[in-house]
Amino acid sequence: MPELPEVEVVRRGLASWVRGRTITGVDILDARSVRRHAAGPEDLRGNLEGATVTDVARRGKFLWLPLVEASAGSSGAPASTGAPEADDGVPRLALMAHLGMSGQLLMEDSHLPDEKHLKVRLTLSPAVSADGTPMPSELRFVDQRIFGGVFLTDLLPTPDGAPGGLSESGLPLIPEEAAHIARDPLDPAFSFDDFYTRLRRRRTGIKRALLDQGLISGVGNIYADEALWAAKLHFARPTDTMRRADALRLIESARDVMTRALAAGGTSFDSLYVNVNGASGYFSRSLNAYGREGEPCPRCAAAGLSTLIRRDSFMNRSSYSCPVCQPRPRNGRW
DNA sequence: GAAAGCACCTGACGGC
DNA sequence: TGCCGTCAGGTGCTTT
């Protein structure tokens, strides 16, 4: 299941394949995967055909391809988003993608058979690699559970003038649909002070806050559990009791676990997450708490204790923690 | 306005 | 063998 490291692996993989290429064909095989494009599949197709991809950017788990449209009037396609037409090479539109639970963005040659859950296919203009070999001609969006999708959105200037997301170009542009998403711990523009100030204003538990993409992005259930385990914090710890040192330790833990996951190519439990070349990551082997119910807590084991990781139901999903390292409060005091 | 609950969705898996 | 229920979980919408 893709979280921030997995999406970043995909972004880096895609960047080398699609920058500067023009979309020459669009096949929408399942309208449910483009349901967030309010104007419908035909409008999406009309706007994409002839557009050129300038970059691949990401904020949190949202990924987008900034687009320079074909010259005004050449395609006859309506500009459904209302973005001003311009011919200055600056992208005004972006193709947004969210992988949801099971989405994949794959670069493949056209002769390869369609995947069982292929939803959208973009055919790209021919290009060759630095070594002269032809690049794959298709960008495919594959999604088994259909929690993800692709849609078109306007690009807006960022309020602070900082890059809208991680990308090679670093343009200060952000898709309208991602403007509410906070920056993630790996983003150079992430502000711990801002995060901590907003965290203290919340009246909820720390894990629920970690999963709120408007407060901090990129953290999903897996890395929330791993970061909380590393920081020795219980998932239900009230946010307004979080000391600055607690919050700092938590953010550094999240940053550390996601950096290591990124280096390992992401976390894969099954075939639902793969990179743009279809390969799985290896970080699941390095998880300390998530998915390890009934197994010894590594930290307790190192101290000679035989504590077992427990699983609790939380927010209609599972939460894994160590009852000794991450204790519940005593007498209501944290 | 903020927090919490729920629907969406498909495949794997266990129990009968 | 086949059916049914449960589980997995990110996001947006609805309810409180």
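What counts, and where the lines are drawn
- Residues numbered from 1 in each chain as written.
- Chains lettered and ligands numbered in written order.
- Predicted model: local features only at pLDDT ≥ 70, side-chain atom pairs only at ≥ 80, totals over all residues.
- Helix = DSSP H or I, 4+ residues; strand = E, 2+ residues; numbered from the N terminus.
- Buried ≥ 20, exposed ≤ 12 C-beta atoms within 10 Å, placed from the backbone.
- Contact = placed C-beta atoms within 7 Å.
- Axes fitted to C-alpha atoms, helices over the stretch in contact; angles between N-to-C directions.
- Parallel < 35°, antiparallel > 145°, perpendicular 65-115°, else oblique.
- Left-handed = near helix turned anticlockwise from the far one by under 90°.
- Nonpolar A, V, L, I, M, F, W, Y, C, P; charged D, E, K, R; others polar.
- Domains from an automatic or database assignment.
- Near = placed C-beta within 6 Å.
- UniProt positions renumbered as here; feature names shortened; annotations may be inferred.
- Pairing = 2+ DSSP bridges.
- Core = buried A, V, L, I, M, F, W, Y, C linked by C-beta atoms within 7 Å.

Once that is clear, we can look at the overall build of chain A. Within chain A one finds seven helices and 12 strands. A burial count over chain A gives 42% of its 334 residues as buried. Restricting the contact set of chain A to residue pairs at least 6 apart, pairs at least 24 apart contribute 69%.

Attention shifts here to the packing of helix α5 (residues 221-231) against helix α6 (residues 244-263). When two helices pack together, you describe them by how their axes are tilted relative to each other and by the distance separating the axes. Relative to each other, α5 and α6 sit at 125°, their axes nearing to 8 Å. Here α5 lies oblique to α6, going by the angle between them. Where α5 crosses over α6, the handedness of that crossing is right-handed. For the pair α5 and α6, contact is made by Tyr223, Glu226, Ala227, Ala230 and Ala231 and by Arg249, Leu250, Ser253, Ala254, Asp256, Val257 and Met258, respectively. Its residues assigned to classes, the contact of α5 with α6 shows eight nonpolar, one polar and three charged.

This part is about the domain arrangement of chain A. Partitioning chain A into structural domains gives domain 1 (4-178) and domain 2 (192-321). Elements that contribute at least two residues to the side of domain 1 that touches domain 2 include exactly α1 (4-18) and β6 (103-108). No other element matches α1, which puts nine residues into the side of domain 1 that touches domain 2. Here the residues of the side of domain 1 that touches domain 2 are counted per class, giving nine nonpolar, five polar and four charged.

Moving on: the protein's contact with DNA strand B. Every residue near DNA strand B is listed here: Arg32, Gln144, Arg145, Ile146, Phe147, Arg202, Arg203, Thr204, Arg208 and Asn316. Here the residues of the surface near DNA strand B are counted per class, giving two nonpolar, three polar and five charged.

On to the UniProt feature "domain: FPG-type" (unreviewed entry) in chain A. Here the UniProt-annotated "domain: FPG-type" (unreviewed entry) positions come out as residues 288-327. What you have in residues 288-327 is 12% helix and 25% strand, and the ends, taken at the C-alpha atoms, are 16 Å apart.

The phi angle of most residues is negative, glycine excepted, and most peptide bonds adopt the trans form. Unlike most non-glycine residues, Ile146 shows phi in positive territory, near 60°. Relative to the elements of secondary structure, Ile146 occurs in the loop between β8 (138-143) and β9 (149-157). The partly exposed category is assigned to Ile146, around which 16 C-beta atoms lie within 10 Å.

The antiparallel open sheet is built from four strands, whose spatial order is β1-β7-β8-β6. On the outer flanks of this sheet lie β1 (23-28) and β6, each paired with one strand and no other. Ignoring which end each strand starts from, the neighbouring axes of this sheet average 15° apart. Two strands pair when backbone bridges link them, and strand β7 (residues 118-124) and β8 are joined in this way by five bridges, in the antiparallel orientation.

One broad trend across soluble globular proteins is that nonpolar side chains are buried collectively. Among the nonpolar cores identified, the biggest contains 79 residues, and Trp64, Leu95, Ala97 and Ala227 are the most heavily contacted of them. At eight residues, α5 tops the list of elements feeding residues into this core. Here this core spans two domains, since at least three of its residues come from each of domain 1 (4-178) and domain 2 (192-321). Filtering out sequence-adjacent residues up to four positions away, Ala227 remains in contact with Leu250, Ser253, Ala254 and Val257.

Bringing the pairing of β7 into the picture now. Within β7, six of the seven residues are buried, which leaves it mostly tucked inside the rest of the structure. Here five bridges tie β1 to β7, and the two strands are oriented antiparallel to one another. Across the sheet, the residue bridging to Asp27 is Arg121, located in β7.

Here strand β11 (residues 310-314) runs beside strand β12 (residues 317-321); their pairing, made up of five bridges, is antiparallel. Along β12, the bridge assignment pairs Arg311 with Tyr320. Between the end of β11 and the start of β12, which pair antiparallel, lie two residues, with Met315 showing a positive phi angle near 55°.

So, about the packing of α1 against α6. α6 packs onto α1 with a crossing angle of 40° between their chain directions and a minimal axis gap of 9 Å. Classified by the angle their axes make, α1 and α6 are oblique. For the element pair α1 and α6, the recorded crossing hand is right-handed. Judged by residue contacts, Leu4, Pro5, Glu8 and Val9 of α1 engage Met258, Ala261 and Leu262 from α6.

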